[in-house]
Amino acid sequence: MCGIIGYVGSDQAVPVILDGLRRLEYRGYDSAGMAILDGDAIQILRAAGKLRNLEQRAYREPLHGTTGIGHTRWATHGGPTDRNAHPHADPTGRVAVVHNGIIENYQALRATFDTARFASDTDTEVVAHLVAAELDRLGTGDLLDAVRRVVGRLDGAFSLCIVATDEPGTIVVARRQSPLIVAHAEGVGYCASDVAALISHTRD
C-alpha cells in the first residue's frame, strides 16, 4: 500500500504535494518523494524514512514548478532506501512515475531493456522506461497515447501518475483495481490514492 498525489495548476506544486503526502503518510512510512516539472526539466527529490526527511530535503533543496507528483511508500519490490523511493524516471529524465500496487510482469518487461540502465530494484521503474520508449517510437510527444499503450502491457493491480517533459502541464493517470481519485477546481487538476489528500482543496 502506497500513497500517491498529483497537482497541475498555477500555484507552486511543492506545498500542495507535501500537504497531500502528510494526509497520505499512513499509507507508507518507508520513504517519500516528489517530481516537479520546471520548464522542460523534471526535478526529483526522494528520501528514505518518514515524510519529515523529504520535507527537510525540500527546505534545503527547493524545487519550483506548477506541475508535480508525489509518493509515500510501503516497500514491496526493493528495500526502503533512497534509490528505491518514488518517483522513478527513465535514464534520460524525460518521464517520471509514481505507483501504488504491483506490476506482476515487471521482470519480463525489464529484461527487454539494458538492465544496467536501471537505477532501482523496484517494479515501478520499468514503467518510466516503457513510456519513454513508447514516446520515442510514436514520435508525437503524446503522453496519453504512450501511457495507454504501456498500460496494455502491464499485469497486476496498480494506479499510476505519470509526467513527461513533452507535456509539462499534464499528468496522465491510469488505474486497474487499485484506488485512484481524480478531482478538479477552477484551473486546477488533482489526483490521489485517497480523497483525504484532496478534500481541503476541492469536493469535485
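Residues numbered from 1 in each chain as written. Predicted model: local features only at pLDDT ≥ 70, side-chain atom pairs only at ≥ 80, totals over all residues. Heavy atoms only, no water.

**Student:** Could you give me a rundown of the confidence of the model for the protein chain, with the residues and numbers involved?
**Tutor:** This prediction gives the protein chain a mean pLDDT of 91; 94% of its residues lie at or above 70. The least confident element of the protein chain, judged by mean pLDDT, is strand 4 (residues 67-73) at 91; the most confident is helix 5 (residues 143-151) at 97. (pLDDT = per-residue confidence, 0-100. Helix = DSSP H or I, 4+ residues; strand = E, 2+ residues; numbered from the N terminus.)

**Student:** Tell me about the pattern of salt bridges, residues and numbers included.
**Tutor:** For the coordinates displayed, the defined rule picks out nine salt bridges. Its salt-bridge partner being Glu61, residue Arg57 comes within 3.0 Å of it at the nearest N-O pair. For Asp145, the salt bridge identified is with Arg149, shortest N-O distance 3.1 Å. Here Arg149 and Asp145 lie together in helix 5, a separation of four residues that amounts to about one turn. (Salt bridge = Lys/Arg side-chain N within 4 Å of Asp/Glu carboxyl O.)

**Student:** Which residues make up the layout of surface pockets, and what values go with them?
**Tutor:** Here the largest pocket is characterised by a volume of approximately 170 Å³. As for the largest pocket, its lining consists of Asp90, Pro91, Thr92, Arg94, Phe113, Asp114, Arg117, His129, Ala132, Ala133 and Asp136. Its residues placed into classes, the lining of the largest pocket shows four nonpolar, two polar and five charged. (1 Å grid on protein atoms, 1.4 Å probe; cavity = no way out; pocket = protein on both sides within 12 Å on 5 of 7 lines; lining within 4 Å. Points joined across faces, edges and corners; volume = space filled by probe spheres on them. Nonpolar A, V, L, I, M, F, W, Y, C, P; charged D, E, K, R; others polar.)

**Student:** For the sheet that holds strand 2 (residues 31-38), give the residues involved together with the corresponding values.
**Tutor:** Spatially, six strands are ordered 3-2-4-1-10-9 in an open sheet, and the strand pairing comes out antiparallel. Because the sheet does not close on itself, it has two edges, and the strands there are strand 3 (41-48) and strand 9 (181-185). Within the sheet, the average angular offset between the axes of one strand and its neighbour, ignoring direction, is 10°. Sheet contacts for helix 1 (residues 13-24): strand 1 (3-8), strand 2, strand 4 and strand 10 (188-192); angle to strand 1, the most-contacted strand, approximately 155°. (Pairing = 2+ DSSP bridges. Axes fitted to C-alpha atoms, helices over the stretch in contact; angles between N-to-C directions. Contact = heavy atoms within 4.5 Å.)

**Student:** Lay out the sheet that holds strand 7 (residues 158-164) with the relevant residues and their values.
**Tutor:** Across the sheet, which stays open at both edges, the four strands sit in the order 5-6-7-8 with antiparallel pairing between neighbours. Each end of this open sheet is capped by a strand with a single partner; those strands are strand 5 (88-89) and strand 8 (172-176). Here four bridges tie strand 7 to strand 8, and the two strands are oriented antiparallel to one another. Note that in strand 8 the partner of Leu160 across the bridge is Ala174. Along the sheet, helix 4 (residues 125-138) makes contact with strand 5, strand 6 (95-101) and strand 7, crossing strand 6 at roughly 135°.

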